[in-house]
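Each chain, letter by letter, is given below.
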Amino acid sequence: MSDTFDVIVIGAGPGGYVAAIRAAQLGFKVACIDDWKNEKGDPAPGGTCTNAGCIPSKALLQSSEYYAQAAHHFGEHGISLKDLKMDVAKMLARKDGVVKQNNEGILYLFKKNKVTFFHGRGSFLKTVDGGYEIAVTGDKPAIVTGRQIIVATGSRPRQLPDMPFDEATVLSNEGALRMTAVPKKLGIIGAGVIGLEMGSVWRRLGAEVTLLEALPTFLGMADEQVSKEARKAFDKQGLKIELGVKVGEIKRGKKGVTVHYANAQGEAQTLAVDKLIVSIGRTPSTEGLNAEAVGLQLGERGDIIVDEHCRTNLPGVWAVGDVVRGPMLAHKAEEEGVAVAERIAGQHGHVDFGLIPYVIYTNPEIAWAGRTEQQLKAQGVAYKAGTFPFLANGRARALGDTTGFVKFLADAATDEILGVHIVGPYASELIAEACVAMAFRASSEDIARICHAHPSLSESTKEAALAVDKRTLNF
Ligand code: FAD
Ligand code: NAI
């Protein structure tokens, strides 16, 4: 007996669960299948983002930031604390609680929108008439048929050759979020987004953290001025970052891990650590989908090949999020999920790939939208730049957090905003104004003419816009 749905979504991460809800809002009969379980074996929809990514990492970043503030900055406010201690078990329990609230929130939303949820693994089956059914394996095996299928199976961590994760000493993002004690020495391979965020958490709590990065430039995808400013701050915090390294043999011992590597000068080095996080990028997740059997086309990275509308080579089969091309970001997955549901309904779902914000939740936070200065130079675009430091912002001084700046890049002829780059307090929130402005193709003059509340960090955005025309008022 097979249940028939208008739309079946495989995966309930940000791409999948949002696609399912949007499709249900549009009047379709929708099923969503997801295999993630929590420690008790219960369904835990929300994907990597909710269970082992965005949400738990931000929970730990918040706890560790409070600890660092208490340890290093409360004194400036006249607050003294005796016997400051970090209860790691409690911090982890709080994080798990935050994750659970999100899992439950998604189950509630499924109910509210009448999305049928299947807990298990979905894989394609070919039917005799050339269509597809999805077999669900799990606690309650089922066969479901859908007129339209959206694959949103996400990604999994890449491991180093010959060094599988054991989540005890060699950790992926999952183990990095579950360490039950602060390691004395923590090694991280890859100084990308996970390396910097997880390195920050454990450094703030007292670990000696060393990041080994293969590339010779630090955070090469960000605007160069921003990466330089962030690097200065990370150096001050004691995050040791070695660039241009070549990681060689890694030995797992009883007490920890030894990494043999060549430094940028080619000299042989060893790093002995208690725990090693490997954060060298992620691989699209298609294993178990039975993609080959139904002829679903995959790329070299194991990603599902899609066109700009997220259509796969199979009629009626779509794919969104980390499992397809583009940045592996939750909000990008969500945008694609919504757009696909709308396209299925005959609407013109749209994703502006040029306007996906990037945020790194370190201290200082790093956020940007649009193009970097080095990209504009390489593309031969004539531009004007304006920068405003948080040091000159009253709210930042009151906060006691004056690191960084807001930087505007605008077209030299039309003044249209081409990129906004922020390093500093609440950059993750401030970047939204830049996205709105750029979506409406605003000029820097437009932002400069808008009244911003005083005192607020957002005044730095207005001042950076004024700086494009060399007329900042407070710097
Ligand atoms: P996923 O979230 O990976 O969800 C896919 C779901 O499908 C999973 O539950 C998986 O188990 C399930 N699944 C897979 N195959 C099957 C199958 N055959 N049958 C049934 N279910 C299946 N992004 C941000 O934008 N902001 C952040 O702050 C951020 N922080 C991150 C921190 C970390 C440590 C990590 C690892 C990632 C972070 N990301 C962040 C990236 C973000 O998590 C991903 O971009 C996002 O989760 C992708 O969503 P998705 O829906 O494509 O896939
Ligand atoms: P990443 O792509 O951000 O960084 C990986 C780093 O590892 C790169 O700098 C790369 O040069 C380096 N590297 C690769 N192989 C190496 C090797 N053998 N030795 C040394 N260095 C090596 O990937 P990461 O940090 O694993 O995160 C995966 C994805 O998750 C990110 O691309 C991002 O999309 C997403 N994410 C987003 C976050 C956010 O939005 N705040 C937070 C965390 C993750």
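Think of each chain on its own: its residues are numbered from 1, step by step along the sequence as written. Naming scheme: in the order in which they are written, chains are lettered from A and ligands are numbered from 1. Per-residue local features are limited, in this predicted model, to residues with pLDDT of at least 70; the limit for side-chain atom pairs, both in listing and counting, is 80 or more; totals at the level of whole chains, interfaces and linings are taken over all residues. Side-chain numbers come from the whole structure's heavy atoms, not from hydrogens or water.

### What about the overall build of the chain?
Argument step 1. Secondary structure is summarised from DSSP: a helix means a run of H or I of at least four residues, a strand means a run of E of at least two, and numbering begins at the N terminus for each. In terms of regular secondary structure, the chain is built from 14 helices and 21 strands.
Argument step 2. Put simply, the radius of gyration uses C-alpha atoms, and a globule should come to 2.2 Å times the residue count raised to 0.38. A compact globule built from 475 residues would reach a C-alpha radius of gyration of about 23 Å, and the chain, at 24 Å, matches this within 12%.
Argument step 3. Taken along its principal axes, the extent of the C-alpha atoms in the chain is 70 × 60 × 45 Å.
Argument step 4. To sort residues, take the accessible area from a 1.4 Å probe on protein chains only and compare it with the maximum for the residue type: under 20% means buried, over 50% means exposed, and anything in between is partly exposed. The 475 residues of the chain split such that 51% are buried.
Argument step 5. Put simply, 61% of the contacts in the chain that link residues at least 6 apart link residues at least 24 apart. By definition in these notes, contact holds between two residues if any of their heavy atoms fall within 4.5 Å.

### Overview of the site of ligand 1
Argument step 1. The immediate surroundings of ligand 1 are formed by 38 residues, with Asp-34, Asp-35, Thr-48, Lys-58 and Gly-122 found nearest.
Argument step 2. In protein, a polar contact means a hydrogen-donor-capable atom and an acceptor-capable atom, both N or O and within 3.5 Å, with residues adjacent in sequence counting only if both atoms are side-chain atoms; elsewhere, any N or O pair within 3.5 Å suffices. In the model, an oxygen atom of ligand 1 is placed 2.9 Å from a nitrogen or oxygen of the Gly-15 main chain.
Argument step 3. Here an oxygen atom of ligand 1 sits 3.2 Å away from a polar atom, N or O, in the main chain of Leu-329.
Argument step 4. Per-residue and other accessible areas follow the Shrake-Rupley method at a 1.4 Å probe size, with only the shown protein chains counted as cover for residues. Relative to its free-state accessible area of 1000 Å², ligand 1 is covered by the protein chains to the extent of 93%.
Argument step 5. Listed by contribution, the elements that provide at least two residues to the shell around ligand 1 are helix 1 (14-25), strand 2 (30-34), helix 2 (47-52), helix 3 (54-72), strand 3 (115-126) and helix 9 (330-344).
Argument step 6. Among the elements that take part in the shell around ligand 1, helix 2 stands out by supplying four residues, more than any other.
Argument step 7. Considering only residue class, the shell around ligand 1 consists of 16 nonpolar, 16 polar and six charged. Any residue with a heavy atom lying within 4 Å of a molecule or strand is counted as near it. The residue classification treats Ala, Val, Leu, Ile, Met, Phe, Trp, Tyr, Cys and Pro as nonpolar and Asp, Glu, Lys and Arg as charged. All others, Gly included, are polar.

### Some thoughts on the nonpolar core
Argument step 1. The term nonpolar core refers to a set of buried residues drawn from Ala, Val, Leu, Ile, Met, Phe, Trp, Tyr and Cys, joined through side-chain atoms within 4.5 Å. By size, the foremost hydrophobic cluster in this structure holds 37 residues, and its most contacted members are Leu-186, Trp-202, Phe-234, Ile-241, Ile-277 and Ile-366.
Argument step 2. Contributing elements (two or more residues each) for this core: helix 3, helix 4 (88-112), strand 8 (185-189), helix 6 (193-204), strand 9 (208-212), helix 7 (224-237) and strand 18 (365-370).
Argument step 3. For this core, the element with the most residues is helix 6, which contributes four residues.
Argument step 4. Discounting chain neighbours no more than four positions away, the residues touching Phe-234 are Leu-196, Phe-218, Leu-239, Ile-241, Thr-362, Asn-363, Pro-364 and Ile-366.
Argument step 5. Counting residues in hydrophobic clusters, the runner-up holds 29 residues, among them Leu-355, Ala-369, Ile-431 and Ala-442.

### Some thoughts on the packing of aromatic side chains
By convention here, two paired aromatic rings are described through the distance between centres and the angle between planes.
Argument step 1. Aromatic contacts are taken between Phe, Tyr and Trp rings whose centres are within 6.5 Å, Trp giving its six-membered ring; a plane angle under 30 degrees counts as stacked, one over 60 as edge-to-face, and the others as tilted. Overall, the coordinates contain five aromatic pairs when judged by the stated rule.
Argument step 2. Between the aromatic rings of Phe-5 and Phe-118, the centroid separation amounts to 6.1 Å while the plane-to-plane angle is 90 degrees, which identifies the pairing as edge-to-face. With Phe-5 in strand 1 (residues 2-10) and Phe-118 in strand 3, this residue pair connects regions lying 113 residues apart in the sequence.
Argument step 3. Residue classification places Phe-118 among the buried residues on the basis of a relative accessible area of 12%.

### Description of the sheet that holds strand 17 (residues 358-360)
Argument step 1. When DSSP locates at least two bridges between a pair of strands, those strands are taken to pair. One open sheet holds the five strands; their spatial order is 17-18-21-20-19, and the pairing between them is antiparallel. For this open sheet the edge positions go to strand 17 and strand 19 (383-389), each flanked by a neighbour on one side alone. Neighbour-to-neighbour, the strand axes of the sheet open up by a mean angle of 10 degrees, direction not taken into account.
Argument step 2. Relative to strand 21 (residues 417-424), strand 18 is paired through six bridges, and the arrangement is antiparallel. Bridging across to strand 21, Ala-369 finds its partner in Val-420.
Argument step 3. Contacts from helix 14 (residues 459-468) reach strand 19 and strand 20 (405-411) within the one sheet, and its direction differs from that of strand 19 by about 140 degrees. In this analysis, axes come from line fits to C-alpha atoms, helices being fitted only over the stretch in contact, and the angle between any two N-to-C directions falls in the range 0 to 180 degrees.

### Focus on the domain arrangement of the chain
Argument step 1. You can read the domains of the chain as domain 1 (3-157 + 283-353), domain 2 (170-280) and domain 3 (364-468).
Argument step 2. For every domain, the bounds stem from an assignment made automatically or drawn from a database. Here domain 1 and domain 2 have C-alpha centroids that lie 28 Å from each other.
Argument step 3. The interface is formed by 20 residues belonging to domain 1 together with 16 residues belonging to domain 2.
Argument step 4. Buried area: the accessible area, evaluated with a 1.4 Å probe, that two parts lose upon being put together, summed over both parts. Taken together, both faces of the contact between domain 1 and domain 2 bury some 1400 Å²; the carbon and sulfur share is 67%.

### What to know about the pairing of strand 3
Argument step 1. Sheet topology note: the strand 2/strand 3 ladder contains five bridges and is parallel. Considered in strand 3, the bridge of Val-30 is made with Val-115.
Argument step 2. Pairing of strand 3 with strand 4 (residues 132-138) involves seven bridges; the strand directions are antiparallel. If you follow Gly-122 over to strand 4, its bridge partner there is Val-136.

### Concerning the site of ligand 2
Argument step 1. The local shell around ligand 2 holds 20 residues, among which Ile-194, Glu-213, Gly-281, Met-328 and Val-359 are the closest.
Argument step 2. Between an oxygen atom of ligand 2 and a main-chain N or O atom of Gly-281, the distance comes to 2.8 Å.
Argument step 3. When isolated, ligand 2 has an accessible area of 840 Å², and the protein chains bury 75% of it.
Argument step 4. Counting residues per element, the shell around ligand 2 draws most heavily on helix 6, at three residues.
Argument step 5. Residue composition of the shell around ligand 2, by class: 13 nonpolar, four polar and three charged.

### Considering the UniProt feature "domain: Pyridine nucleotide-disulphide oxidoreductase dimerisation" (unreviewed entry) in the chain
Argument step 1. In the numbering used here, UniProt assigns the "domain: Pyridine nucleotide-disulphide oxidoreductase dimerisation" (unreviewed entry) feature to residues 356-465.
Argument step 2. Strand forms 28% of residues 356-465 and helix 34%; the C-alpha atoms that close the span are 20 Å apart. UniProt positions are given in the numbering used here, feature names are shortened, and annotations may be inferred rather than shown by experiment.

### Topic: the environment of Asp-166
Argument step 1. Here Asp-166 lies in the loop between strand 6 (155-157) and strand 7 (170-171).
Argument step 2. Look at Asp-166 and you get partly exposed, because its relative accessible area is 33%.
Argument step 3. For the pair Asp-166 and Val-209, spaced 43 residues apart in sequence, the C-alpha to C-alpha distance is 20 Å.
Argument step 4. Among the polar contacts made by the side chain of Asp-166, one reaches the main-chain amide nitrogen of Val-170 at a distance of 2.9 Å.
Argument step 5. Here the side chain of Asp-166 touches Arg-252 through a polar contact of 2.6 Å, side chain to side chain.

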